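The chain contents come next:
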Amino acid sequence: MVTSYITRTASFSAAHRLHSTKLTDEENAATYGKCNHPHFHGHNYKLEITVKGKIDPVTGMVMNMVDLKNCIETAVMNPLDHRNLDLDVEYFEHNPSTVENLAVFIWNNFNEHFRKQFAYKTSTARLYKVKIYETEHNSVEYLGEDDD
């Protein structure tokens with residue numbers, strides 16, 4: 001069987017404040033600048049989720065794109081779209097809501113939902129990459145790797 005990578009995009013809007021509880025107010029202001037504004041700011045994020053797997057010889061698919069869309073809806077859109085990341089998402093109570101940490105959150109949440117709801121439908125598909133555009137100039141890719 002041939003390996004292929006499929007990608008689905010989605011967009012969501014969310015507010016946040018770049019702020020670390022491990023820094024003083026002065027250090028936060030120096031580190032994050034205007035993004036540390038106490039009344040938050042927002043982004044229209046663009047997300048790409050890439051799944052890797054073998055192309056099924058019967059269906060011709062790595063996985064059904066409708067299943068991928070539904071998993072993104074459950075794991076990403078429902079908890080993040082039109083939310084304040086710092087106030088509404090428990091993960092960001094302990095982690096600064098940087099786009100890097102947002103990519104890790106999405107990876108973990110997507111992977112959990114994917115394994116529970118869709119992995120049984122395909123024997124080889126697995127999450128390969130999360131890419132988030134915070135702005136048209138800034139993006140982060142996360143491949144589930146930990147350097148620890």
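The model shown is predicted, which means the values in this text are computed figures rather than measured ones.

Caption draft 1: Spotlight on the overall build of the protein chain. Check the secondary structure of the protein chain and you find four helices and five strands. Helices (α) and strands (β) of the protein chain occur, in sequence order from the N terminus, as β-α-β-α-β-α-α-β-β. For the protein chain, the C-alpha atoms occupy an extent of roughly 60 × 30 × 30 Å along the three principal directions. Looking at the protein chain as a whole, 41% of its 148 residues qualify as buried. Long-range pairs, those at least 24 residues apart, make up 72% of the contacts in the protein chain with a sequence separation of at least 6. A total accessible area of about 8,700 Å² is found for the protein chain, and carbon and sulfur atoms account for 47% of it.

Caption draft 2: Molecular detail of the environment of Tyr32. With respect to the helices, strands and loops of the structure, Tyr32 is situated in helix α1 (residues 25-32). Look at Tyr32 and you get buried, because its relative accessible area is 18%. Along the chain, Tyr32 and Thr98 lie 66 residues apart, while their C-alpha atoms are 9.9 Å from each other. In this structure, Tyr32 is in contact with Leu18, His19, Ser20, Leu23 and Pro96, ignoring residues within four places of it in sequence.

Criteria and thresholds
- Residues numbered from 1 in each chain as written.
- Predicted model: local features only at pLDDT ≥ 70, side-chain atom pairs only at ≥ 80, totals over all residues.
- Heavy atoms only, no water.
- Helix = DSSP H or I, 4+ residues; strand = E, 2+ residues; numbered from the N terminus.
- Buried < 20%, exposed > 50% of the residue type's maximum accessible area, 1.4 Å probe, protein only.
- Contact = heavy atoms within 4.5 Å.
- Areas by Shrake-Rupley, 256 points an atom, 1.4 Å probe, with all protein chains shown as cover.

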